[in-house]
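An overview of the molecular structure
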Amino acid sequence: MEYEFALVIPKATPVTAPFTDDLQLEKGVIHHIEVRFEAGCQREVHCKMERWGHQAFPKLPSLSFSSEDDTIKKDTHFPLEAEPYLLKFTGWSPDANYPHTITVRVDILSPDDIAPTNILVRALNKFFSLIPGFK
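Residues numbered from 1 in each chain as written. Predicted model: local features only at pLDDT ≥ 70, side-chain atom pairs only at ≥ 80, totals over all residues. Heavy atoms only, no water.

1. Remarks on the pairing of strand S1 (residues 2-9)
Across a regular strand the side chains alternate sides, sitting on one face of the sheet and then on the other. The alternating pattern of S1 places Tyr-3, Phe-5, Leu-7 and Ile-9 on a buried face and Glu-2, Glu-4, Ala-6 and Val-8 on a face that is not buried. Pairing of S1 with strand S8 (residues 100-109), which is carried by eight bridges, proceeds in the antiparallel orientation. What sits directly across from Leu-7, in S8, is Ile-102. (Buried < 20%, exposed > 50% of the residue type's maximum accessible area, 1.4 Å probe, protein only. Helix = DSSP H or I, 4+ residues; strand = E, 2+ residues; numbered from the N terminus. Pairing = 2+ DSSP bridges.)

2. Thoughts on the environment of Val-106
Mapped onto the secondary structure, Val-106 falls in strand S8. Under the relative-accessibility criterion, Val-106 is labelled buried at 0%. Considering only alpha carbons, one finds Val-106 and Glu-34, 72 residues apart in sequence, at a separation of 6.6 Å. Once you skip the residues sitting within four places of it in the chain, Val-106 turns out to touch Met-1, Glu-2, Tyr-3, Leu-25, Ile-30, His-32 and Ile-33. (Contact = heavy atoms within 4.5 Å.)

3. What to know about the environment of Val-45
Relative to the elements of secondary structure, Val-45 occurs in the loop between strand S3 (28-37) and strand S4 (46-51). We classify Val-45 as buried; its relative accessible area is 0%. Taking the C-alpha atoms as reference points, Val-45 and Ser-66, separated by 21 residues in sequence, lie 5.9 Å from one another. Setting aside anything within four residues of it in sequence, one finds Val-45 in contact with Ile-9, Phe-37, Phe-65, Ser-66, Ser-67, Trp-92, Ser-93, His-100 and Ile-102.

4. Side note on unusual backbone geometry
For residues besides glycine, phi is generally negative; the peptide bonds are generally trans as well. With omega at -15 degrees, the peptide bond leading from Phe-57 into Pro-58 counts as cis. Among the structural elements, Pro-58 can be located in the loop between strand S5 (54-57) and strand S6 (70-80). Note that the residue after Glu-83, namely Pro-84, is joined by a cis bond; omega there is -5 degrees. Within the secondary structure layout, Pro-84 lies in the loop between S6 and strand S7 (86-92). Positive phi outside glycine occurs at Gln-42, with the angle close to 50 degrees. Note that Gln-42 resides in the loop between S3 and S4. Take Gln-42: its relative accessible area is 54%, and that puts it in the exposed class. A positive phi angle is found at Trp-52, which is not glycine, with a value near 55 degrees. Mapped onto the fold, Trp-52 is located in the loop between S4 and S5. A residue is classified by how much of its surface remains accessible, and Trp-52, at 55% relative accessible area, is exposed.

5. What to know about the sheet that holds S8
Paired through their backbone hydrogen bonds, the strands of a sheet run either parallel or antiparallel. A sheet is described by the order of its strands in space; here four strands give the open sequence S1-S8-S3-S6, paired in antiparallel fashion. Of all strands in the sheet, those with a lone pairing partner are S1 and S6, marking the two edges. Adjacent strand axes in the sheet meet at a mean angle of 20 degrees, parallel and antiparallel pairs treated alike. Here S3 runs beside S8; their pairing, made up of eight bridges, is antiparallel. Within S8, the position partnered with His-32 by the bridge is Asp-107. (Axes fitted to C-alpha atoms, helices over the stretch in contact; angles between N-to-C directions.)

6. Examining the pairing of S4
Counting buried residues along S4, five of its six residues qualify, which places the element largely inside the surrounding structure. Inspection of the sheet shows S4 paired to S7 by five bridges, in the antiparallel sense. Bridge pairing links Lys-48 to Thr-90 in S7. Sheet topology places S4 next to S5; three bridges connect them, and they run antiparallel.

Take a look at the structure:
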């Protein structure tokens, strides 16, 4: 399952009163996340994502994502096993003179996709497809 969120951080948003939004997802395992900063952000816009009051992305609480005309990409293994299946997005831009849109993309493997039997069946099907004449 793939999700994409366009989040507009208002200009001059202080870290003490950040913009927040809940990113509603589904049960599964987050295996990839991307955070896109458009041209013009000039590293003045920051964001992070939390789950149940603990920072999830970036992992260390002292860090935030910030960039300029770049997409930060992270492969991960972050289970969403209990409701609510969401991440809390927090963004701030204390020195920005106009609003900035941050695009967050989240890829989730559903429980069916990560079940060991499904992984084994897909691997065997791929293996047998490589054998000439085997159908």
